[in-house]
Amino acid sequence: MSKYKFVVVAKDEDFKMKQEDFAAIEGCEVKFIANNKLGLGEVFNKELNGADYVVCMHADVKLDIKGLIDHIESVAGKYDVLGLCGCDKMSVGQRPLNWFTGSNPFPKNRWGCVTHGEVGNQTSFFSAEKPQTDHEVACIDGLCIIITKKAIDAGLKFDEQFKFSHYDTDISFQCVFDKKLKLGTIVRKDLQHHSIGKSILTPEFLTAEEKFREKWKTQLS
């Protein structure tokens with residue numbers, strides 16, 4: 001089986017996943033990074049090595065790890081970077097901009113399923129009407145980003161100017177526009193994510209968005 005490295009990052013010491021959740025997985029390395037103050041891109045870039053798949057995950061994410069790995073293995077070679085939520089069509093004129101707001105005009109082009117603890121375990125099954133459990137997309141959510149060795153060898157890295165927002169949208173754009181890599185989403189009905197993404201309404205998010213729009217102005221015009 002392929003070798004996996006999981007990098008789970010928390011701003012404090014609260015991790016929804018525990019070491020025992022990974023114990024039965026052969027060839028799996030796990031790094032729990034607590035009390036993180038660095039930008040997520042910087043943290044993840046340091047770990048883009050030593051595995052066939054590097055899984056970059058928020059600490060408030062929980063799901064069946066064996067089921068996730070089996071799902072990744074089932075689409076091996078089909079995608080170079082994977083997320084668990086994303087969209088295959090988006091309007092870059094949306095503000096604030098991420099995969100979800102960008103696909104507001106195209107709700108049927110969203111993929112994924114997630115249960116949010118922050119809103120009483122309400123489930124959003126974006127692709128409920130579709131039989132496929134994986135699909136090529138244009139942009140993914142940063143709650144979990146799975147990067148293959150092929151993408152790493154191609155030089156794909158997070159842009160460290162995007163610390164806690166837009167790092168996911170930016171790496172999606174890098175895949176599609178710069179590296180010509182295949183970006184995909186796999187649909188996991190067991191995915192739980194505590195946060196519903198309220199940070200999108202903060203001034204910090206909007207400041208980062210201006211940097212993002214300046215960087216990608218050719219593609220956004």
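### Observations regarding the packing of aromatic side chains
Right, so step 1: Applying the stated criterion to the full structure yields 15 aromatic pairs.
Right, so step 2: Measuring from ring centre to ring centre gives 4.9 Å for Tyr4 and Tyr53, while their planes differ by 10°; the resulting arrangement is stacked. In this pair, Tyr4 sits in strand S1 (residues 4–9) while Tyr53 sits in strand S3 (residues 53–58), placing the two residues 49 residues apart along the sequence.
Right, so step 3: The class for Tyr53 is buried, based on a relative accessible area of 8%.
Right, so step 4: Seen in terms of ring centroids, Phe44 and Phe158 are 5.5 Å apart; in terms of plane orientation they differ by 45°. Their pairing is tilted.

### Quick word on the confidence of the model for the protein
Right, so step 1: Mean pLDDT over the protein works out to 96, with 100% of the residues at or above the 70 mark.
Right, so step 2: Least confident of the elements in the protein is helix H7 (residues 217–220), whose mean pLDDT is 93; most confident is strand S5 (residues 81–83), at 99.

### Examining the pairing of S1
Right, so step 1: In terms of residue burial, S1 counts as a mostly covered element, since six of its six residues are buried.
Right, so step 2: Side chains of S1 alternate between two faces, with Tyr4, Phe6 and Val8 and Lys5, Val7 and Val9 buried alike.
Right, so step 3: Note that S1 and strand S2 (residues 28–33) share six bridges and pair parallel. In the sheet register, Val8 faces S2, and the bridge partner there is Phe32.
Right, so step 4: The pairing of S1 with S3 spans six bridges and is parallel. In the sheet register, Val8 faces S3, and the bridge partner there is Met57.

### Description of the environment of Lys31
Right, so step 1: Tracing the sequence through the fold places Lys31 in strand S2.
Right, so step 2: Aside from chain neighbours lying at most four places away, what touches Lys31 is Phe6, Val7, Val8 and Glu47.
Right, so step 3: Engagement of the side chain of Lys31 in a polar contact is seen with the side chain of Glu47, the distance being 3.1 Å.

### Structural notes on the sheet that holds S5
Right, so step 1: One open sheet accounts for seven strands, arranged S2-S1-S3-S11-S5-S12-S9; its pairing is mixed. Strand pairing shows two members of the sheet lacking a second neighbour, S2 and strand S9 (134–136), which therefore form its edges. Looking at each pair of strands side by side, their axes are set apart by 20° on average, direction ignored.
Right, so step 2: Sheet topology places S9 next to strand S12 (residues 183–186); three bridges connect them, and they run antiparallel. Counted as the bridge partner of Asp134 is Ile186 from S12.
Right, so step 3: Helix-sheet contacts for helix H5 (residues 167–178) involve S3, S5, strand S11 (144–148) and S12, and the interaxial angle to S11 is about 30°.

Conventions we followed
Residues numbered from 1 in each chain as written. Predicted model: local features only at pLDDT ≥ 70, side-chain atom pairs only at ≥ 80, totals over all residues. Heavy atoms only, no water. Phe/Tyr/Trp six-rings, centres within 6.5 Å; stacked < 30°, edge-to-face > 60°. Helix = DSSP H or I, 4+ residues; strand = E, 2+ residues; numbered from the N terminus. Buried < 20%, exposed > 50% of the residue type's maximum accessible area, 1.4 Å probe, protein only. pLDDT = per-residue confidence, 0-100. Pairing = 2+ DSSP bridges. Contact = heavy atoms within 4.5 Å. Polar contact = N/O pair within 3.5 Å; in protein donor to acceptor, adjacent residues only side chain to side chain. Axes fitted to C-alpha atoms, helices over the stretch in contact; angles between N-to-C directions.

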